[in-house]
Amino acid sequence: MNANILKNISHGVYVIGVIDENGRKCGCIVDALMQVTVTPLGVEVCTNKKSYTTRCIRNAREFTVSILPKHAAPALIANFGYQSAAAADKWENVEHDLIDGIPVVKNSLGSFKVKVFHELELSTHILWSCEVVDTCEGTGNEEPMTYRYYQTDLVEATQKAFASGLSGQSMSASGDSYTCGVCGYHYDGDTPFEELPDDWVCPQCGMSKECFVKD
Ligand SMILES: Cc1cc2nc3c(=O)[nH]c(=O)nc-3n(C[C@H](O)[C@H](O)[C@H](O)COP(=O)(O)O)c2cc1C
């Protein structure tokens, strides 16, 4: 058997938001999530039994899902995916909105709230069968992050972000923004700044890419 073959199954990267029994905002990153029915709108989500998120979902029976864009900051993934809400306030430095009091990531591609109607115990995980009961519009104009993209392009940056401590780092879902250090022009184009060609110049003063600084 070669488990790597299953890495070709395409799926995204999402942030779960959930409230714990003390009213704290919690949650984690998941990739094990997919829409399975249309009427009613149904999704299946799988969480590890040992995670704090599982404990919260078991109690609350409802949670939110934020769909991450491809260029979400690695620190955002480290924040929700590399530490436990049992010991950290994961939402403290993350810009968020609320759906019925449950947090969703601002500038995600969209988010929704689900109610759990069935749970199935697997060996290491719980499979939650859920119905979507509310939705919240997002920016919607960028590609979603895929789990494969995370694996191939983001693991190193995410580990680095976590190793250097998360406080003070950008946790935006919309990626980093840049300003021209010469004329103050703020870049907010659809193409992520890092992906602009090397010969791209500031449309206001004509200076090169190197003159831009991260906000
Ligand atoms: C890209 C990525 C995908 C992940 N997918 C899942 C998943 O599908 N299910 C899950 O239970 N944990 C998944 N995790 C791990 C949890 O996010 C991680 O264990 C988290 O620290 C749990 O936090 P908690 O204890 O606050 O719930 C993933 C982590 C990353 C970085």
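Reading guide: rules and limits
- Residues numbered from 1 in each chain as written.
- Predicted model: local features only at pLDDT ≥ 70, side-chain atom pairs only at ≥ 80, totals over all residues.
- Heavy atoms only, no water.
- Helix = DSSP H or I, 4+ residues; strand = E, 2+ residues; numbered from the N terminus.
- Near = heavy atom within 4 Å.
- Polar contact = N/O pair within 3.5 Å; in protein donor to acceptor, adjacent residues only side chain to side chain.
- Areas by Shrake-Rupley, 256 points an atom, 1.4 Å probe, with all protein chains shown as cover.
- Nonpolar A, V, L, I, M, F, W, Y, C, P; charged D, E, K, R; others polar.
- Phe/Tyr/Trp six-rings, centres within 6.5 Å; stacked < 30°, edge-to-face > 60°.
- Domains from an automatic or database assignment.
- Axes fitted to C-alpha atoms, helices over the stretch in contact; angles between N-to-C directions.
- Parallel < 35°, antiparallel > 145°, perpendicular 65-115°, else oblique.
- Contact = heavy atoms within 4.5 Å.

Enquirer: Got a sec to walk through unusual backbone geometry? Specific residues and values, please.
Expert: Omega for the peptide link from threonine 39 to proline 40 comes to 0°, which places this bond in the cis form. Note on placement: proline 40 falls in the loop between strand E4 (33-37) and strand E5 (42-48). Its identity is not glycine, yet arginine 61 carries a phi of approximately 60°, on the positive side. You can see arginine 61 is positioned in the loop between helix H1 (52-60) and strand E6 (62-67).

Enquirer: I'd love a proper account of the site of the ligand, names of residues and values included.
Expert: Close to the ligand lie 22 residues, the nearest being Asp31, Asn48, Thr53, Ser84 and Ala85. Aspartate 31 is positioned with one of its side-chain polar atoms (N or O) 2.6 Å from a nitrogen atom of the ligand. Between an oxygen atom of the ligand and a main-chain N or O atom of alanine 32, the distance comes to 3.0 Å. For the ligand, the accessible surface in isolation is 650 Å², of which the surrounding protein chains cover 85%. Split by residue class, the shell around the ligand holds twelve nonpolar, eight polar and two charged.

Enquirer: Explain the packing of aromatic side chains to me, and be specific about the residues and the numbers.
Expert: On inspection of all chains with the given rule, the structure shows five aromatic pairs. The structure contains a cluster of three or more aromatic residues connected by ring pairs, namely Tyr187, Trp200 and Phe212.

Enquirer: Outline the domain arrangement of the chain, supporting the account with residue identities and numerical values.
Expert: Per the domain assignment, the segments of the chain are domain 1 (10-163) and domain 2 (178-214). Between domain 1 and domain 2, the C-alpha centre-to-centre distance is 32 Å.

Enquirer: A description of the packing of helix H2 (residues 74-81) against helix H3 (residues 147-163) should follow, citing residues and the corresponding values.
Expert: In the contact formed by H2 and H3, the axes pass within 8 Å of each other and the chain directions differ by 75°. In this view, H2 runs roughly perpendicular relative to H3, as classed from their interaxial angle. Contact with H2, carried on its side by Pro74, Ala75, Ile77 and Ala78, involves Tyr150, Leu154, Ala157, Thr158, Ala161 and Phe162 of H3 and no other residues of that element. Taken together, the residues that form the contact of H2 with H3 break down as nine nonpolar, one polar and no charged.

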